[in-house]
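Geometric and topological summary
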Amino acid sequence: MFSTLFLLKLFKKSDSNSKLRFLIGFFVVLIFQIWSTWKGEGVAKTHDSFQYLKTAENLILHYDFIQTDAQPYIVWALGFPFLLILFKDSVFFNLICILGIYVLYFDLIEKLFQKSLTKWWLILAFVSATPLYLIHHFVWSEPPFLFFLMGSSWAFYYLIDNKKRWLFYLFGFLFCAMRNAGLYFVIGTNTGMILFYILPFYFNSEQKNIKLFYQNPYFKPLVYFSFSSLLPIFLWWLHAKIKTKGHFDTLYNLALRTFLEECLNYGDILSRWLFPPSITLEIRIAILSIVMILFLIYFIKIIKLETDKSSKFILFIFWITFVYLVGMLLSRAGMKIDAERFLAIIYPFLCILIGFFLDRIQVNHYLKYGITFLGLIYPFLRTLKNIIFWN
């Protein structure tokens, strides 16, 4: 109901150019997502998928989490199986998620950016995103996690509007109920609110009084968001603690990969988003490193000169993305092949950061957009190839 009303309201307020951008992106995503499951066999399933589905079945039959092969359901967060009770194999639910993510993403880029070409690039970057279609091709918790996470970020942009605050808390609860990695975004969100919204308010005031922290309009949302988002994590921890009979700490053993190996693993996946894997890993990593360093230099240079609401929000997006990446690299969670599904979570946020760079950097107009639009050809072809391969 909320998504339908929001979609109608968004479409009604948009001008003709915005409506055209929205409709083109919406229908391309709709067609690609349906195409990826057109055989009628449902979305694909992995070991995780069968655990989720079996848990959902057990919740219906026995009102309890399953125990498979004498191993209790403790590795995954508790929320996703409850959604599968309603949506079963999640074909329809995955479609709802990817379209919902697109709608929230579209509204943010309309508010954050001024140049029409930047908005067009961001729409095309979304619809040609192989990692997004990848996670929506399987019965995985990443689709609702990203949908609720995007909802949380979207609600945070409108946070000062009291009507949106409850959505900020609700989405925080929901994304943490989907995946344990939500904890990294809770840390990023809380520290981001303190660093970029609360502390500047304190230091820019003439009178340094502790009451300024409580009077800050972001202080109460910080407290309420912390409670709502940490609650499902605590419930999962309590469930796992009981099921493991006091040996819950063994769940946090780091993977066998070293930190450097994980950096190379993530670098390999990120570079594949830009360049074909036929290019050697060393060259792709080198180019990616140079691009990231140049981006950071210009990003910091630009962001320091702007203090408006949109720029501060972009800085906030940068921070939560950075905290998540550092957390995943340090924990080295999952297997090596899981890297792309983990990185897919931050794909829309990376696009927004690149959009800020495109919108602000002062270089030749035709050169800037010529290179970036040509750069979308490879990911678009990669997406087409993968969807055909999945089918």
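This section reports on the structure supplied with the text. Just so you know, these numbers come straight off a predicted model, no measurement behind them. (Residues numbered from 1 in each chain as written. Predicted model: local features only at pLDDT ≥ 70, side-chain atom pairs only at ≥ 80, totals over all residues. Heavy atoms only, no water.)

A short note on the packing of aromatic side chains
Per the counting criterion, the structure on display carries 51 aromatic pairs. With 6.4 Å between their ring centres and 25° between their planes, phenylalanine 156 and phenylalanine 313 make a pair best called stacked. With phenylalanine 156 in helix H8 (residues 142-157) and phenylalanine 313 in helix H15 (residues 309-331), this residue pair connects regions lying 157 residues apart in the sequence. Of the two residues, phenylalanine 156 and phenylalanine 313, both sit in the buried class. A ring pair is formed by phenylalanine 318 and phenylalanine 322, whose centres lie 6.4 Å apart and whose planes are at 10°; its orientation type is stacked. Residue phenylalanine 318 and its partner phenylalanine 322 are located together in helix H15, separated by 4 residues, close to a single helical turn. Across the ring face of tyrosine 157, the terminal group of lysine 309 is positioned such that the distance to the ring centre comes to 4.2 Å. One residue, arginine 341, lies across the ring of tryptophan 140, its end atom 3.8 Å from the ring centre. (Phe/Tyr/Trp six-rings, centres within 6.5 Å; stacked < 30°, edge-to-face > 60°. Helix = DSSP H or I, 4+ residues; strand = E, 2+ residues; numbered from the N terminus. Buried < 20%, exposed > 50% of the residue type's maximum accessible area, 1.4 Å probe, protein only. Lys NZ or Arg CZ within 6 Å of the ring centre and 35° of its normal.)

Some details on the nonpolar core
Most often, soluble globular proteins keep nonpolar side chains buried together rather than apart. If you look at the biggest cluster of nonpolar residues, it comprises 111 residues, and the most contacted ones within it are Tyr102, Phe156, Phe175, Phe185 and Phe313. In this view, phenylalanine 313 contacts Leu108, Leu112, Ser153, Phe156, Tyr157 and Tyr197; residues no more than four positions away in its chain are not counted. (Core = buried A, V, L, I, M, F, W, Y, C linked by side-chain atoms within 4.5 Å. Contact = heavy atoms within 4.5 Å.)

Topic: the environment of leucine 358
In this fold, leucine 358 is placed in helix H17 (residues 347-360). Separated by 298 residues in sequence, leucine 358 and isoleucine 60 place their C-alpha atoms 50 Å apart. For leucine 358, the residues in contact, after removing those within four places along its chain, are Lys115, Thr118, Trp121, Lys368, Tyr369 and Thr372.

Quick word on the environment of arginine 284
In this structure, arginine 284 sits in helix H14 (residues 281-303). Residues arginine 284 and isoleucine 194, spaced 90 residues apart in sequence, show a C-alpha to C-alpha distance of 36 Å. Apart from residues no more than four positions distant in its own chain, arginine 284 is found in contact with Asp268, Ser271, Arg272, Phe275, Pro276, Pro277 and Ile279.

Quick look at the side chain of threonine 55
Of note, threonine 55 is situated in helix H3 (residues 47-62). Within the structure, the side chain of threonine 55 is placed 2.6 Å from the backbone oxygen of glutamine 51, a separation counted as a polar contact. (Polar contact = N/O pair within 3.5 Å; in protein donor to acceptor, adjacent residues only side chain to side chain.)

Remarks on the pattern of salt bridges
Scanning the entire structure with this criterion turns up 13 salt bridges. Here glutamate 57 ties to lysine 54 by a salt bridge, and the two come within 3.9 Å at their closest N and O atoms. Of this pair, glutamate 57 and lysine 54 both sit in helix H3, separated by 3 residues, roughly a single helical turn. For glutamate 57, a relative accessible area of 39% corresponds to the partly exposed category. Between glutamate 340 and arginine 382 there is a salt bridge, with its nearest N and O atoms 3.3 Å apart. Note that glutamate 340 is positioned in helix H16 (residues 339-343) and arginine 382 in helix H19 (residues 377-390), a separation of 42 residues in sequence. Overall, glutamate 340 belongs to the buried group, its relative accessible area being 13%. According to the relative accessible area criterion, arginine 382 is buried, its value standing at 16%. Taken together, the salt bridges that share partners define one network made up of Asp48, Glu142, Arg179, Asp338 and Arg341. (Salt bridge = Lys/Arg side-chain N within 4 Å of Asp/Glu carboxyl O.)

Concerning the environment of serine 229
Topologically, serine 229 is positioned in helix H12 (residues 219-243). The spatial distance from the C-alpha of serine 229 to the C-alpha of glycine 79 is 12 Å, given a sequence separation of 150 residues. The residues touching serine 229, leaving out its near neighbours within four places in the chain, are Gly172, Phe173, Cys176 and Val186.

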